[in-house]
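Analysis of the macromolecular model
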Amino acid sequence: MIMKMSQLYIPTLKEKPVEAETPSHELMLRTGMIRRVAAGIYSFLPLGYKVVRKVEKIIREELEKAGAQEVHLPLLHPAELWQESGRWAEMGDMMIRLCDRKKREFCIGPTHEEVMTDLIRYELKSYKNLPQNFYQIQTKVRDELRPRFGLLRSREFSMKDAYSFHTTWESLDQTYQDMHDAYCEIFRRCGLNYRVVEADTGPMGGTDSHEFMVLADTGEDSVLFCNLCGYAANIEKAGSRVEFKGEKIDNPGKEEIYTPGITTIEQLEKALELPGEYLYKTLLYRGESGYYLAIVRGSDQLNENKLMALLGDPLLHLAEEGYGNLPAGFLGPQGEHGLKIVADELVMNMDWGVAGANREDYHVKGIVPGTDFTPAFTGNIRNARPGEKCLECDGKLEEIRGIEVGHIFKLGKKYSEAMGANYLDENGHSHPMIMGCYGIGVTRTVAAAIEQNHDNYGVKWPLPLAPYQVVLLTLGGDQALKEESEKLYQGLQEMGVEVLWDDRPERPGVKFNEADLLGIPLRITMGKKFLESGKLEVKDRFHDQDHLLGQEQVLDWIRNYCIKEGVS
RNA sequence: CGGAGCGUGGCGCAGUCUGGCAGCGCGCCUGCUUUGGGAGCAGGAGGUCGAAGGUUCAAAUCCUUUCGCUCCGACCA
C-alpha cells in the first residue's frame, strides 16, 4: 500500500472555506477528506474514506459478535412498498421520488424498514427460524429541509441499519439489549465520549427507543440529564417535575381586554405585565384525525413529538390556514368553537389565565381550566427545561449538547402488520412478527469524532479512527536521513502500523503544520537533531506529549502505545 | 415555503454604484537560492465573470428571465 505522501493525494487547504460553519466541516475540507459536490452532498477523498472504513470495520466486528448478519438492500425502492406501510404519504418531501422509463414510481431509500420487511415476509414463515437480525451499511438519501454542518446533516450519508424479527416481546427485549451493548462497545472502541439517552421514536413509530449521543458543544441535540441518578433523555422526550415558584395572583374575574395587534406571548406578557404562567398559549393543529386546539402555558414550549404521540396522529402540523372565523393570534380554548382541545397537564394546574378571545384584537382574563373549557386530551406535551426536577429522583436536570450518532428502536408490529410479515407458531397459527430497528450514522460518526477531538491547529484523531497511526516527517534532503527514514518506514509497516511518510521535499514548517492539521496521533521527526543525537522525537498529538526515544526503542514503544490505546 | 445575501482561475476575494485591456492573495508549473513551525527572487500556466435573452459603438458592470449556493426563520399565532 502506498503510504508515501509524495504519492498520495491529500489536498490540504491553508485557508478556512467560507461554507464551513463547524469545526468538523472546516477540518474535513481543509485536510482533504471530503469535497462538496452539491448542497449536502460530498465526495470522500482517500484520507476521508480511510476513516469511514475504520468506523465500518469496528461496526461490522461488533455486530457480527452480537449475532447480526450482513445483507445489502437496494437504494431504489418501488413506491408500492412505501404505500403499503403508509409512509409514501407520511415521508413528505424528505424522500426523493422518481420515475423509471415506464413511468413507474420509485423513491431513493431514506431508510429500509419496508424493503427489509418485504424481503423476510416471503422467506421467513416459521417460528423455528426466529429471531433473526440483519444489518447493512448503505448510502441513504434524505432531502433535508436544510442540509448544513457538512457531514453532520447532509442529504446523502452512509448509515448502518439493522432490523430484527421476533415472535415475542421478550425476544425483542433481548436483541434490543444486545444491540444496546454492541453500540456501547462500538463507540467505546471508536474512542468517543458518548452517552446513551432515552429518545422519542418520532416518525419511525414504536415503543422504547434510545439514542447514542457523542458529546460536543456544537451538537444539534439537547440532552437533559439528572445530576443525581443518571437519568438522561433527549429534550424532545424528557419528562420533568415542575414546581410553581412565582407569586400567586388572584383571579381578576372574566373580562375582555382590548389588545390590538398583540399576537405573541412575548408581547402579551409585556402589555399585561403578567408572567407566562398566567397565559394560555393556544395553537391550532391539523392532522389526519382533524383539527385540534393545543394548549400549553405561555412560559412553555409545545413539543410536537409529544403531541403526536398523545394523539396517535403522526401527520400533525400547525394549521397556518386557520379554522373557520377564528382569528390567528387571538385563539383561546373557551367558548363554542367546536374544536377538540389538547391541554398540557400543567395547564390544568393553572388557577386562571389569559387567553385569546377568539375575536380580532381581544383577549380574555380569568379563564379557568376545567370550568371554562374541558380538554378532550391532557398529557405532557411541553418541552422539559434544564433546572427542573428529575422524574426519578430529587436531582435537578442539566442540559448538555450532543450529536446523535446511533438510535435504536423497538418497532413492534407497525410494519409487520401493515405489510403482512407473519409467521406460523407451534400450532400453525399466523401472527405478525415483532420488530426492532437499529441505526448508526457512519459518516456522521466520523464528523462527530472531529467535532469532539480537535484544537486550533487541526484534528486530533483518536487512535482507532485515525487514517494513519503514525506520520513520519523527514526534514531536509540529507541522504543518510532518507535512508534511516526508509528503514523506519519499512520497519513500521512490517509491524503492521499504518504509517504516513512525509517524504516530500517540503520545508519543515509546512510538514509540521500539515501534520498537526491532519491530526495523526503519533508524529516521528527525523531531522538534524536525529543526525546529531541519534534520538527520535515522537509527539503524541492526541495527548499533546513529547517523547525523545532511541532509534532501537521506537518500534516497541509504538507497539505498546497502540495496545494501550486499543488498537493492535 | 418566507426573509436576507452571494455566484469573477483549484481556494479566498477586489472590480459592479459611475459600462471602456479581467485583477489581487493563496495554491499550481519552471529555475535559482533557502531548509526544525505554512520561505525569497525571477519567469509561467490557468477565466465562455453561474446561464439565457436584451440595451449599447462597447457589458463582469445596466435591464429581463432563469439556475445554483449560503445564512436567518419556518411551532410558540
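You'll find the structure just up there.
The following paragraphs examine the structure supplied in this document. Computed from a predicted structure; not experimentally measured.

A few points about the overall build of chain A
Tallying secondary structure elements over chain A gives 15 helices and 31 strands in all. Dimensions of chain A, computed from the C-alpha atoms along their principal axes, are close to 95 × 65 × 50 Å. The contacts in chain A between residues at least 6 apart in sequence include a share of 69% that link residues at least 24 apart. Summing over all exposed atoms, chain A offers an accessible surface of approximately 26100 Å²; the carbon and sulfur share of this is 48%. The distance from the centre of the 67 positive side-chain charges to the centre of the 88 negative ones in chain A is 5 Å.

Section: empty space enclosed by the protein
Inspection of the entire model under this criterion finds one cavity of 30 Å³ or more. Approximately 60 Å³ is the volume found for the largest cavity. Along its surface, the largest cavity is lined by Leu152, Arg153, Thr218, Gly219, Glu220, Asp221, Gly402, Ile403, Glu404 and Arg444. With three residues, the top contributor of residues to the lining of the largest cavity is strand 21 (residues 397-412). Residues belonging to the lining of the largest cavity are distributed by class as follows: two nonpolar, three polar and five charged.

Some words on the sheet that holds strand 4 (residues 76-78)
Read from one edge of the open sheet, three strands run 4-6-5, paired in antiparallel fashion. Either end of the sheet is taken by a strand with one partner, and the two such strands are strand 4 and strand 5 (96-99). When strand polarity is set aside, the average angle formed by the axes of neighbouring strands in this sheet is 35 degrees. Here four bridges tie strand 5 to strand 6 (residues 105-108), and the two strands are oriented antiparallel to one another. Bridge assignment links Leu98 to a residue of strand 6, and that residue is Phe106.

Notes on the pairing of strand 28 (residues 499-502)
On strand 28, burial covers both faces: Val499 and Trp501 on one face and Leu500 and Asp502 on the other are all buried. Pairing of strand 27 (residues 470-474) with strand 28, which is carried by four bridges, proceeds in the parallel orientation. Across the sheet, residue Val470 finds its bridge partner in strand 28, namely Val499. Handedness of the crossover joining strand 27 and strand 28 through helix 12 (residues 479-494): right-handed.

Comments concerning unusual backbone geometry
Here Leu130 and Pro131 are connected by a cis peptide whose omega angle stands at 0 degrees. Within the secondary structure, Pro131 is located in the loop between helix 5 (113-123) and strand 7 (132-141). Residue Asn358 is not a glycine yet carries a positive backbone phi of 60 degrees. Assessed through its relative accessible area of 17%, Asn358 is described here as buried. The phi dihedral of Asp544 is positive, around 55 degrees, even though this residue is not glycine. Looking at the element boundaries, Asp544 is found in the loop between strand 30 (535-540) and strand 31 (545-550). Take Asp544: its relative accessible area is 56%, and that puts it in the exposed class.

Some words on the sheet that holds strand 31
Sheets are built from strands that pair by backbone hydrogen bonding, the pairs being arranged parallel or antiparallel. In spatial order, the strands read 28-27-29-30-31; together these five strands make up an open sheet with mixed pairing. With one partner strand each, in any of the chains shown, strand 28 and strand 31 form the two edges of the open sheet. Strand-to-strand twist of the sheet, defined as the mean angle between neighbouring strand axes without regard to direction, takes the value 20 degrees. Note that strand 27 and strand 29 (residues 522-526) share five bridges and pair parallel. Within strand 29, the position partnered with Thr474 by the bridge is Met526. On the sheet, helix 12 packs against strand 27, strand 28, strand 29 and strand 30 and is oriented at approximately 165 degrees with respect to strand 28. Here helix 13 (residues 508-518) sits on the sheet and contacts strand 27, strand 28, strand 29 and strand 30; the angle it forms with strand 27, its principal contact strand, is near 175 degrees.

Section: helix 8 (residues 304-311)
The set of residues buried in helix 8 consists of Asn305, Lys306, Leu307, Met308 and Leu311. Those residues of helix 8 hidden inside the fold are in contact with strand 14 (280-287), strand 15 (290-297), strand 17 (340-344) and strand 20 (377-379). For helix 8, the side-chain oxygen to backbone nitrogen distance between the N-cap and Lys306 is 3.1 Å, and the N-cap itself is Asn303. Following helix 8 by one or two positions, Gly312 adopts a phi angle in the positive range, close to 65 degrees.

Details of the pattern of salt bridges
Two side chains with opposite charge may pair up if their charged atoms get near one another. Per the stated rule, a full pass over the model turns up 37 salt bridges. Of the charged contacts, one joins Arg87 and Glu114 as a salt bridge, the two residues approaching to 2.8 Å between their closest N and O atoms. Of this pair, Arg87 sits in helix 4 (residues 87-90) while Glu114 sits in helix 5; the two residues are 27 residues apart in sequence, bridging distant segments of the chain. The structure contains a network of salt bridges with shared partners spanning Lys57, Glu61, Glu62, Lys65 and Arg189.

Considerations on the nonpolar core
Among the nonpolar cores identified, the biggest contains 84 residues, and Met33, Leu63, Tyr183, Ile186, Trp461, Ile524 and Ile558 are the most heavily contacted of them. Broken down by element, the residue count for this core peaks at eight residues, all from helix 6 (residues 169-189). Once residues lying within four places of it in the same chain are set aside, the contact partners of Tyr183 are Leu63, Lys160, Phe212, Gly406, His407, Ile408, Tyr438, Gly439 and Ile440. Counting 25 residues, the second largest nonpolar core, distinct from the first, contains Ala79, Cys107, Met435 and Cys437.

Section: a nonpolar patch on the surface
On the surface, Leu75, Leu76 and Leu98 cluster together into a nonpolar patch covering about 220 Å² of accessible area. For Leu98, the position within the fold is in strand 5. Judged by relative accessible area, Leu98 falls into the partly exposed class, the value being 32%.

Structural notes on the layout of surface pockets
The volume enclosed by the second largest pocket comes to roughly 530 Å³. Elements that contribute at least two residues to the lining of the second largest pocket include exactly helix 2 (46-65) and helix 15 (554-564). The greatest single-element share of the lining of the second largest pocket, amounting to six residues, is contributed by helix 2.

Some points on the environment of Glu484
Structurally, Glu484 is set in helix 12. In this structure the C-alpha to C-alpha distance between Glu484 and Thr474, which are 10 residues apart in sequence, comes to 9.4 Å.

Points about the protein's contact with RNA strand B
The full set close to RNA strand B counts 43 residues, and Arg146, Thr263, Ile265, Gly329 and Asp516 are the nearest of them. The sugar and phosphate moieties of RNA strand B supply 50% of its atoms located within 4 Å of the protein. Glu15 places a side-chain nitrogen or oxygen 3.2 Å from a base nitrogen of RNA strand B. Within the side chain of Glu514, one N or O atom sits 2.4 Å away from a base nitrogen of RNA strand B. By residue number, the principal contributor to the surface near RNA strand B is helix 13, which donates eight residues.

Scoring rules and cut-offs
- Residues numbered from 1 in each chain as written.
- Chains lettered and ligands numbered in written order.
- Predicted model: local features only at pLDDT ≥ 70, side-chain atom pairs only at ≥ 80, totals over all residues.
- Heavy atoms only, no water.
- Helix = DSSP H or I, 4+ residues; strand = E, 2+ residues; numbered from the N terminus.
- Contact = heavy atoms within 4.5 Å.
- Areas by Shrake-Rupley, 256 points an atom, 1.4 Å probe, with all protein chains shown as cover.
- Lys, Arg positive; Asp, Glu negative; His and termini not counted.
- Charge placed at Lys NZ, Arg CZ, Asp CG, Glu CD.
- 1 Å grid on protein atoms, 1.4 Å probe; cavity = no way out; pocket = protein on both sides within 12 Å on 5 of 7 lines; lining within 4 Å.
- Points joined across faces, edges and corners; volume = space filled by probe spheres on them.
- Nonpolar A, V, L, I, M, F, W, Y, C, P; charged D, E, K, R; others polar.
- Pairing = 2+ DSSP bridges.
- Axes fitted to C-alpha atoms, helices over the stretch in contact; angles between N-to-C directions.
- Buried < 20%, exposed > 50% of the residue type's maximum accessible area, 1.4 Å probe, protein only.
- Right-handed = clockwise from strand over helix to strand, strands pointing away.
- Polar contact = N/O pair within 3.5 Å; in protein donor to acceptor, adjacent residues only side chain to side chain.
- Salt bridge = Lys/Arg side-chain N within 4 Å of Asp/Glu carboxyl O.
- Core = buried A, V, L, I, M, F, W, Y, C linked by side-chain atoms within 4.5 Å.
- Patch = residues over 30% accessible without salt bridge, like charges linked within 9 Å, V, L, I, M, F, W, Y side chains within 5 Å.
- Near = heavy atom within 4 Å.

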